[in-house]
Amino acid sequence: MKILVIGPSWVGDMMMSQSLYRTLKAEHPDAVIDVMAPAWCRPLLSRMPEVNQALAMPLGHGALEIGERRRLGKVLRASHYDRAYVLPNSFKSALVPFFAGIKRRVGWRGEMRYGLLNDLRVLDKAAFPLMVERYVALGYDTAVTSAAQLPQPLLWPKLQVEEQEKIETAAQFQLAATRPIIGFCPGAEFGPAKRWPHYHYATLARQLIADGFQIVLFGSAKDRPTGDEIIAALPEDARGHCRNLAGETQLEQAVILLAQCRAVVSNDSGLMHIAAALDRPLVALYGPSSPDFTPPLAKQARIIRLITGYHKVRKGDADQGYHQSLIDIQPERVHQTLSELLAPQEVPCTS
């Protein structure tokens, strides 16, 4: 069976979509699964053993361009896909499988996609509270009407990274082999409201450096100023044990280095979901966004959140745009939670 998946466009959503691929392979072991997604997704898809190949979606997020989607669909006809799964809920995302003439096209109804999808399922959001459950439910030939009907446990995302890759990439960035790495992911999409304050990160970094760890900061180029603020807030003698790699790594390198971390502390972000899929001990810090829909999917993940509900804000009302609920999460609590996660492991001596 040849399967085409139209994948999501966000890092976290892409990570959670792996649960569908794992489910499809469990249901159809001989299936060949190709995923069409933005080109930047390739480093993630290449580490999902269930995926045969990543097909680049050349159109930007939000672009309709029906003519180009028709052309893409006609090109894909030569691949003779047996079925397609459309994960985004948009009308336009269902066009390529339709134009490709794929016999069975599966997805949630979304933006009234009658005709474009011929295995059209109606989503009861209350019956599937988690995004990962909504993805996995599509993988069963008989329509599943609630998360309670899904086989347990769900097959959570799981990225593969080789040990030699970790060693070589850490050496490439000249990370000290004498101190285990704690990864910090201090950025978040849509501004500071979802970010734990940089000064809290700095306090935690100082404690962890005193414990014998080194700190590596991950993120995109726009997160680099936040990383610089964290380092600037450290005592001078601690700064040599904290590296700001935000904007310096490609996504591929960031994945490998996150796999090398002893543990990770992260805001609610795409990197948080990557760390979870790498099965790293993880402390996830939530403020106005809610873990009720897209939590980190890992047994070694611990969520710290002091409020309930979902608050659609992009800028908090506290200093520098931080949200008070994240300011109220004290570094001592994060340090304690991290120490509990690391307790079964060997804790380094201070050097």
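Before reading further, recall that the structure is shown in the block above.
All of these numbers come straight from a predicted model, not from anything done at the bench.

1. A closer look at helix α8 (residues 224-232)
Turning to α8, its buried residues number three or more, namely Thr226, Gly227, Ile230 and Ile231. When α8 is viewed along its axis, its buried side chains cluster within an angular range of 140° and face the same direction. In this fold, the buried residues of α8 make contact with α7 (198-210), β8 (214-217) and β9 (242-244).

2. Considerations on the packing of aromatic side chains
One pass over the structure, following the stated rule, counts five aromatic pairs. Here the aromatic rings of tryptophan 196 and tyrosine 201 are separated by 4.9 Å at their centres, their planes lie at 75°, and the arrangement is edge-to-face. Each member of the pair, tryptophan 196 as well as tyrosine 201, carries the same accessibility label: buried. On the basis of an interplanar angle of 85° and a centroid distance of 6.1 Å, the ring pair of tyrosine 199 and tyrosine 322 is categorised as edge-to-face. Residue tyrosine 199 is found in helix α7, and its partner tyrosine 322 is found in the loop between β12 (301-304) and α11 (324-327); the two are separated by 123 residues along the sequence. Overall, the relative accessible area of 31% leaves tyrosine 199 in the partly exposed class. Through a chain of ring-to-ring contacts, three or more aromatic side chains come together here, namely Phe184, Trp196 and Tyr201. Taking NZ or CZ as reference, lysine 2 lies 5.1 Å from the ring centre of tyrosine 81, over its face.

3. Notes on the pairing of β8
The alternating pattern of β8 places Gln214 and Val216 and Ile215 and Leu217 on opposite faces, both of which are buried. Relative to β8, strand β7 (residues 181-185) runs parallel, the two being bridged by four bridges. Among the inter-strand pairings, isoleucine 182 is bridged to a residue of β8, identified as isoleucine 215. With respect to chirality, the unit in which β7 leads through α7 into the neighbouring parallel β8 is right-handed.

4. Concerning the packing of α7 against α8
For the pair α7 and α8, interaxial distance at closest approach is 8 Å and the crossing angle is 50°. On the basis of their axis angle, the class for α7 and α8 is oblique. The crossing of α7 and α8 is right-handed. Listed contacts from α8 to His198, Tyr201 and Ala202 of α7 are Thr226, Glu229 and Ile230. Class assignment for the residues of the contact of α7 with α8 results in three nonpolar, two polar and one charged.

Procedures and definitions
Residues numbered from 1 in each chain as written. Predicted model: local features only at pLDDT ≥ 70, side-chain atom pairs only at ≥ 80, totals over all residues. Heavy atoms only, no water. Buried < 20%, exposed > 50% of the residue type's maximum accessible area, 1.4 Å probe, protein only. Helix = DSSP H or I, 4+ residues; strand = E, 2+ residues; numbered from the N terminus. Arc of directions from axis to C-beta. Contact = heavy atoms within 4.5 Å. Phe/Tyr/Trp six-rings, centres within 6.5 Å; stacked < 30°, edge-to-face > 60°. Lys NZ or Arg CZ within 6 Å of the ring centre and 35° of its normal. Pairing = 2+ DSSP bridges. Right-handed = clockwise from strand over helix to strand, strands pointing away. Axes fitted to C-alpha atoms, helices over the stretch in contact; angles between N-to-C directions. Parallel < 35°, antiparallel > 145°, perpendicular 65-115°, else oblique. Left-handed = near helix turned anticlockwise from the far one by under 90°. Nonpolar A, V, L, I, M, F, W, Y, C, P; charged D, E, K, R; others polar.

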